[in-house]
Amino acid sequence: MRRFGWLVLAGAAIACGSGSGGGSSGPAMIDGVQVMAGFDPGVPAPAPSDGFQVILPIISNIQPGASDEWCTWTSFTMPEATRVNAGYGYQTESGHHVILYYTMEPKPAGTNRICTDTDMATIRYSMIGGTQGGIKDQLPGNLAVTIPKGAQIVVNHHYVNATANVMPQAQSAMTVYYDKNASYTPAGSFVVLNTSMSVPSGSHSIDIVGTMEHDFNAWTFLPHAHQYATHVTIDHVSGGKTDRLFDTDWNAAYMFHPPITTYDPSKAYAFHKGDQVHVHCDYDNTTSGNLTFGPEMCLFYAATVDPNLYGNLATDDGVWGPY
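Below is a summary of the structure that appears in this document.

1. Observations concerning the overall build of the protein chain
- Scanning the protein chain for helices and strands turns up 1 helix and 28 strands.
- A principal-axis box enclosing the C-alpha atoms of the protein chain has dimensions of 65 × 55 × 30 Å.
- Counting across all 323 residues of the protein chain, residues that qualify as buried make up 51%.
- Across the protein chain, 13 positive and 27 negative side-chain charges occur, with their mean positions spaced 8 Å apart.

2. Description of the side chain of Thr315
- Structurally, Thr315 is set in strand S27 (residues 312–316).
- Within the local environment of Thr315, its side chain forms a polar contact with the backbone nitrogen of Gly318, the two atoms lying 3.5 Å apart.
- Excluding residues within four positions of it along the chain, Thr315 makes contact with Val191, Val192, Leu193, Gly210 and Trp320.

3. Topic: the nonpolar core
- Counting 71 residues, the largest nonpolar core has Ile153, Phe190, Phe221, Phe271, Val279, Tyr283 and Phe300 as its most contacted members.
- Top element by residues in this core is strand S26 (residues 298–305). It accounts for 7 residues.
- Look past the residues within four positions of Phe190 in its chain and what remains in contact with it is Met212, Phe216, Phe271, Phe300, Tyr301, Ala302, Thr304, Leu313 and Trp320.
- Val33, Met36, Tyr90 and Ala173 belong to the second-largest nonpolar core, a separate cluster that totals 10 residues.

4. Overview of unusual backbone geometry
- Positioned with a positive phi, Ser94 is a non-glycine residue whose angle comes to about 90 degrees.
- As for its position among the elements, Ser94 is in the loop between strand S7 (82–91) and strand S8 (95–103).
- Owing to a relative accessible area of 3%, Ser94 belongs among the buried residues under this scheme.
- At Leu309, a residue that is not glycine, the phi angle is positive and equals roughly 60 degrees.

5. With respect to the pattern of salt bridges
- Tallied over the full model, the rule gives 5 salt bridges.
- Arg83 is paired through a salt bridge with Asp179; the nearest N and O atoms lie 2.8 Å apart. Linking Arg83 in strand S7 with Asp179 in the loop between strand S15 (172–178) and strand S16 (185–193), this pair joins segments that are 96 residues apart in sequence.
- Since its relative accessible area comes to 8%, Asp179 is described here as buried.
- Ionic contacts of the salt-bridge type, sharing partners, join the residues Asp235, Arg244 and Asp247 into one network.

6. Observations concerning the packing of aromatic side chains
- Enumeration according to the criterion identifies 20 aromatic pairs in this entry.
- Between Phe190 and Phe216, the aromatic rings sit 4.6 Å apart at their centres with planes inclined by 35 degrees, giving tilted as the arrangement. Of this pair, Phe190 sits in strand S16 while Phe216 sits in strand S19 (residues 216–225), and the two are 26 residues apart along the sequence.
- Judged by its relative accessible area of 0%, Phe190 falls in the buried class.
- Look at Phe221 and Phe271: their rings are 6.2 Å apart centre to centre, the planes differ by 75 degrees, and that puts the pair in the edge-to-face class. In this pair, Phe221 sits in strand S19 while Phe271 sits in strand S23 (residues 269–271), placing the two residues 50 residues apart along the sequence. Pair check on accessibility: Phe221 and Phe271 agree, each one buried.
- Cluster of aromatic residues (ring-pair linked, three or more members): Phe190, Phe216, Phe221, Phe246, Tyr263, Tyr269, Phe271, Phe300, Tyr310 and Trp320.
- A cation over an aromatic ring shows up here: Lys107 above the ring of Trp73, its NZ or CZ 5.6 Å from the ring centre.

7. Digging into the sheet that holds strand S24 (residues 276–285)
- Sheet architecture is open: 4 strands sit in the order S18-S24-S20-S21, paired in antiparallel fashion. A strand with exactly one partner marks an edge of an open sheet, and here the two such strands are strand S18 (202–211) and strand S21 (241–249). Averaged over all pairs of adjacent strands, the angle between strand axes in this sheet comes to 15 degrees, irrespective of strand direction.
- Across 8 bridges, the pairing between strand S20 (residues 229–238) and S24 is antiparallel. Residue pairing for S24: His236 is matched across the bridge by Val277.

8. A look at the environment of Ile99
- Along the chain, Ile99 turns up in strand S8.
- When the C-alpha positions of Ile99 and Ala229 are compared, they lie 23 Å apart, and in sequence the two are 130 residues distant.

Definitions and cut-offs
Residues numbered from 1 in each chain as written. Predicted model: local features only at pLDDT ≥ 70, side-chain atom pairs only at ≥ 80, totals over all residues. Heavy atoms only, no water. Helix = DSSP H or I, 4+ residues; strand = E, 2+ residues; numbered from the N terminus. Buried < 20%, exposed > 50% of the residue type's maximum accessible area, 1.4 Å probe, protein only. Lys, Arg positive; Asp, Glu negative; His and termini not counted. Charge placed at Lys NZ, Arg CZ, Asp CG, Glu CD. Polar contact = N/O pair within 3.5 Å; in protein donor to acceptor, adjacent residues only side chain to side chain. Contact = heavy atoms within 4.5 Å. Core = buried A, V, L, I, M, F, W, Y, C linked by side-chain atoms within 4.5 Å. Salt bridge = Lys/Arg side-chain N within 4 Å of Asp/Glu carboxyl O. Phe/Tyr/Trp six-rings, centres within 6.5 Å; stacked < 30°, edge-to-face > 60°. Lys NZ or Arg CZ within 6 Å of the ring centre and 35° of its normal. Pairing = 2+ DSSP bridges. Axes fitted to C-alpha atoms, helices over the stretch in contact; angles between N-to-C directions.

This is the structure:
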């Protein structure tokens, strides 16, 4: 399955921990990582027993129209299976997302590069995310995600420059909190998309159909597209009946803050095995070339209550697999 997490590097390798520093001379630093002037991760680093904070390297010279997705392998390896249920992701201007992943195929801590399809095939989505300006992600109730013993934490940080000017610098941070509840309910997700999408110049649309391979109970879901989308509809077809989940005139701001539907996890929205999700996206492609996945998108995401431990799954042009 192709990557779809959501591409030059300047500054030092990643460092993790608590506190901030830097004297009156020299570049500003947080735990040994150079940061942009005035950069603030948004929240203080938690105590080691409560979680961890990752400061990502500065990304420089993001070109106009760029969609730059970076992967950074951290110094955090879970000594035991560890549950997480909350986090705070922060990005400066042009940030599209910062997301917590993990891998069972470790690389040297501080490895930082534009993500490849191979990279994205070897890391697994966790749950914590954020975008420019900062977003707190708190799972409701006693939902939590388990990161396996021996897993190395990898952070995916994505920058989209929708302006006509070079973005000189951008930077991200991720703060993660451990779940300490005595009991918990596993959380997961599924995505319906087509990473082979291609939209020619002019007014065009694409349709994607995902057939559910399991029963899923979703406590929140959302559509996602980028700046050239004009309208998005999401339909759930079950037993011959259609429930329209979204019918949205799209605007560029939704690229960072899309419309979201949320339910109480105890009364989650049911998708049954064999049901279909129909995703329809209209575009006004004002460029001279085709819009492809990454710079543009069309997808449906659902966060699930996951007692059967399906984990995080995606149907990419009808083919299911983990992500």
